[in-house]
Amino acid sequence: MDWFELEKEYLIPFYKRQRVVFVRGEGCWLYDENGKKYLDLVAGIACVAIGHSHPHFIKRVEEQLKKLVHVSNLFYTTPQIELAMKLREISGMDKFFFCNSGTEAVECALKISRKVTGRKKFVALKGAFHGRTMGSLSVTWKEKFRKPFEPLIKPVEFVEPNNIHDLEKKVDDETACVILEPIQGEAGVYPLDEGFIKAVFEERDEHHFIVIFDEVQTGFGRTGKWFAKDHYGVKPDVIAMAKAMGSGFPIGGVGVTNEVAKKLEATEHASTFGGNPLACTASLATIEIIEKEKLVENAGKVGSYFRERLSELSEEVRGLGLMIGAKFENAFEIVRRGFDEGLVLNATSEDNLRFVPPLVIGKEEVDYAVEKLGSILRTLT
Ligand SMILES: *Cc1c(COP(=O)(O)O)cnc(C)c1O
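Analysis parameters
Residues numbered from 1 in each chain as written. Predicted model: local features only at pLDDT ≥ 70, side-chain atom pairs only at ≥ 80, totals over all residues. Heavy atoms only, no water. Pairing = 2+ DSSP bridges. Helix = DSSP H or I, 4+ residues; strand = E, 2+ residues; numbered from the N terminus. Axes fitted to C-alpha atoms, helices over the stretch in contact; angles between N-to-C directions. Contact = heavy atoms within 4.5 Å. UniProt positions renumbered as here; feature names shortened; annotations may be inferred. 1 Å grid on protein atoms, 1.4 Å probe; cavity = no way out; pocket = protein on both sides within 12 Å on 5 of 7 lines; lining within 4 Å. Buried < 20%, exposed > 50% of the residue type's maximum accessible area, 1.4 Å probe, protein only.

K.L.:
Report on the sheet that holds strand S11 (residues 238-241), specifying residues and quantitative values.
P.N.:
Spatial ordering of the open sheet is given by S4-S12-S11-S10-S7-S5-S6, a layout of seven strands whose pairing is mixed. The two strands at the open ends of the sheet, each matched to only one other strand, are strand S4 (95-99) and strand S6 (156-159). Strand-to-strand twist in this sheet, taken as the mean axis angle between neighbours without regard to direction, amounts to 20°. Sheet analysis places S4 next to strand S12 (residues 252-256), joined by five bridges and oriented antiparallel. Paired with Phe97 across the two strands is Val254, which belongs to S12. The strands touched by helix H4 (residues 78-91) within the sheet are S4 and S11, with S4 carrying the most contacts at an inclination of about 125°. Sheet strands touched by helix H9 (residues 194-207): strand S5 (121-125), S6, strand S7 (175-180) and strand S10 (210-214). Its angle to S10, the strand with the most contacts, is close to 150°.

K.L.:
Lay out the sheet that holds strand S2 (residues 29-32) with the relevant residues and their values.
P.N.:
Spatially, the four strands line up as an open sheet ordered S1-S2-S3-S15, and their pairing is mixed. The open sheet terminates on both sides in strands that have one partner only, identified here as strand S1 (22-26) and strand S15 (343-344). One ladder, built from two bridges, connects strand S3 (residues 37-40) with S15; its direction is parallel. Each residue of the ladder has a partner; that of Asp40, found in S15, is Val344.

K.L.:
Could you give an account of the UniProt feature "binding site: N(2)-acetyl-L-ornithine" (unreviewed entry) in the protein chain, naming the residues involved and the relevant values?
P.N.:
Per the UniProt record, the feature "binding site: N(2)-acetyl-L-ornithine" (unreviewed entry) sits at Arg132 and Ser271. The subset of these annotated residues that lines the second largest pocket comprises Ser271. Structurally, Arg132 can be placed in the loop between S5 and helix H6 (134-138). The class of Arg132 is exposed, set by a relative accessible area of 52%. The contact partners of Arg132, leaving out residues within four places of it in the chain, are Thr103, Leu137 and Phe145. Secondary-structure assignment places Ser271 in the loop between helix H11 (258-261) and helix H12 (277-292). According to the relative accessible area criterion, Ser271 is buried, its value standing at 14%. With sequence-adjacent residues up to four places away left out, Ser271 is seen in contact with Asn73, Phe97, Phe98, Cys99, Asn100 and Glu104.

Set out below in structure tokens:
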């Protein structure tokens, strides 16, 4: 079968894919249709935290699959409540809502901020990525993503990241929320300064808007803490989560404080699939594995080692835990050559690689990756 040709014939041309067909995965490794093996440093864009085909994940999801998949939120189901209990424990947020993706989580967070404050204005950051549906797109920075779909939701103001003066100018008593990624992911992995985050909360105390942390990419241990907010020691009013939440199984969610939850009522928001027994079980299994195998700690430890090793090859390495960005010229070409060398890589721009491997990765795999990357660089010069 010529899958490349068939894709072109049958799929809407929204994606620019790498020319590889993956059929199987195990831990940090992926296998293509010819049985060739690749070290996965992308994890389905920071999703497959526990690695591919984890036996406990398979067992839990399989058992639930046989019992009950979906009944809707007209009724009570146990995995949804169990997941909310677990999330309170690991996130410190009080109450939860479940949906099916990152962009849906952001939509819900934005709606909550308008409902709770009675205000309209969204404040986001330059460089931000929050998703592709109309609301999330409105607070996403890249003109190319937004332009064809205007008019989007208004009013929105964009603040220069880490510029406290710009922040002070753009928030006021009309502001419904400030939404931010504690580490900007799609922009190439740029962590926000502690001072800037602190200023956001000071402005909130003055103007009483909602602070939304978009932890869709940073959540579930990726940065060496359960959530990136924990590096800054803050409690946002709302957090949005998804990506690693079900380790590749589609599930997203929003966590809020009790104070926010008090101002929300039945029928104000909903999702047909959101929080169904199968998705919530996939998330519970993911969290169980992250806890049992100490993957949060592993992300911190192996992440530091990975950044250290990458500094041998790159003059600029950024990030926390296993969410890493590094400056490499000809990044797209490096990604292409990576496939020949058996490395799955991701470039966010012509001069930046993003590393978001499964959290089960060890030093041995990091050494393997750095060695391969080094030899790719040598062939480029
Ligand atoms: C990926 C991502 C989203 C969008 O998630 P989808 O599941 O693709 O809708 C939103 N915010 C951040 C920070 C992301 O990284």
